[in-house]
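# Fold and contact review
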Amino acid sequence: QVQLVESGGGLVQAGGSLRLSCAASGSIFMLNAMGWYRQAPGKQRELVATISSDGTTNYADSVKGRFTISRDQLKNAVYLQMSSLKPEDTAVYYCNAEVVHINSYIREYWGKGTLVTVSS
């Protein structure tokens, strides 16, 4: 089994910054793509940013230029630096990872989420 644990959420004023972290642990042979998704109240979960194993990144249009995703291969971790935050960024942020197990079985895992609240 694999666990993804997010941290770094909280309350911040509009225009402020937060850094989210996600650490993966368990029976991991290697990690393929990792990413962040978010779900605002009453809305569907949406992609925020992803980063592949070779470092290629992809961002939702709504966060381009404000958020930066990065990863640490040695720590099996992914980060999301969020700047110029807006009230519409308020959501539960979920970490996602595609895990390759030692038997070559590949499975997608999700964290439990961390709440980000941006006040106006």
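Not measured: the values here are computed from a predicted model. (Residues numbered from 1 in each chain as written. Predicted model: local features only at pLDDT ≥ 70, side-chain atom pairs only at ≥ 80, totals over all residues. Heavy atoms only, no water.)

Along the backbone of the chain there are zero helices and eleven strands. Ordered by position from the N terminus, the helices and strands of the chain form the series β-β-β-β-β-β-β-β-β-β-β. At 14 Å, the chain has a C-alpha radius of gyration in line with the 14 Å of a compact globule built from 120 residues. Each principal axis of the C-alpha atoms in the chain carries an extent, and together these give about 50 × 25 × 25 Å. (Helix = DSSP H or I, 4+ residues; strand = E, 2+ residues; numbered from the N terminus. Rg over C-alpha atoms; globule rule 2.2 N^0.38 Å.)

A separate point is the pattern of salt bridges. Per the counting criterion, the structure on display carries four salt bridges. In this structure, Arg38 and Asp89 form a salt bridge, with 2.9 Å as the shortest nitrogen-oxygen distance. One end of the pair, Arg38, is in strand β4 (residues 30-39); the other, Asp89, is in the loop between β8 (77-82) and β9 (91-100), with 51 residues separating them in the sequence. The burial state of Arg38 is the same as that of Asp89; both residues are buried. Where Lys64 meets Asp61, a salt bridge forms, and the shortest distance between an N and an O atom there is 3.1 Å. The partly exposed category is assigned to Lys64, whose relative accessible area is 49%. (Salt bridge = Lys/Arg side-chain N within 4 Å of Asp/Glu carboxyl O. Buried < 20%, exposed > 50% of the residue type's maximum accessible area, 1.4 Å probe, protein only.)

Moving on: the state of the cysteines. All chains considered together, the criterion is met by one disulfide. Across a sulfur-sulfur distance of 2.0 Å, Cys22 and Cys95 are joined as a disulfide pair. Classification of the bridge connecting Cys22 and Cys95 rests on its S-S torsion, roughly -80 degrees, and on that basis the disulfide is left-handed. You can see Cys22 sitting in strand β3 (residues 18-26) and its partner Cys95 sitting in strand β9, a full 73 residues away along the chain. Accessibility expressed as a relative area gives 1% for Cys22, which makes it buried. Here Cys95 falls in the buried class, since its relative accessible area comes to 0%. (Disulfide = S-S within 2.5 Å.)

Moving on, we come to unusual backbone geometry. Not every positive phi belongs to a glycine, and Asn76 is a case in point at roughly 50 degrees. Turning to its location among the elements, Asn76 is positioned in the loop between β7 (67-72) and β8. We note that Ser84 has phi near 50 degrees; this positive angle belongs to a residue other than glycine. You can see Ser84 is positioned in the loop between β8 and β9.

Let us now look at the packing of aromatic side chains. Counted according to the given criterion, the structure contains one aromatic pair. Note on Tyr37 and Trp110: the rings are 5.0 Å apart at their centroids and 65 degrees apart in plane angle, and the pair reads as edge-to-face. Placement of the pair is Tyr37 in strand β4 and Trp110 in strand β10 (residues 106-110), with a sequence separation of 73 residues. For the cation-ring pair, Arg19 lies above Tyr79, with the distance from its terminal atom to the ring centre recorded as 4.2 Å. Across the ring face of Trp110, the terminal group of Arg45 is positioned such that the distance to the ring centre comes to 4.6 Å. (Phe/Tyr/Trp six-rings, centres within 6.5 Å; stacked < 30°, edge-to-face > 60°. Lys NZ or Arg CZ within 6 Å of the ring centre and 35° of its normal.)

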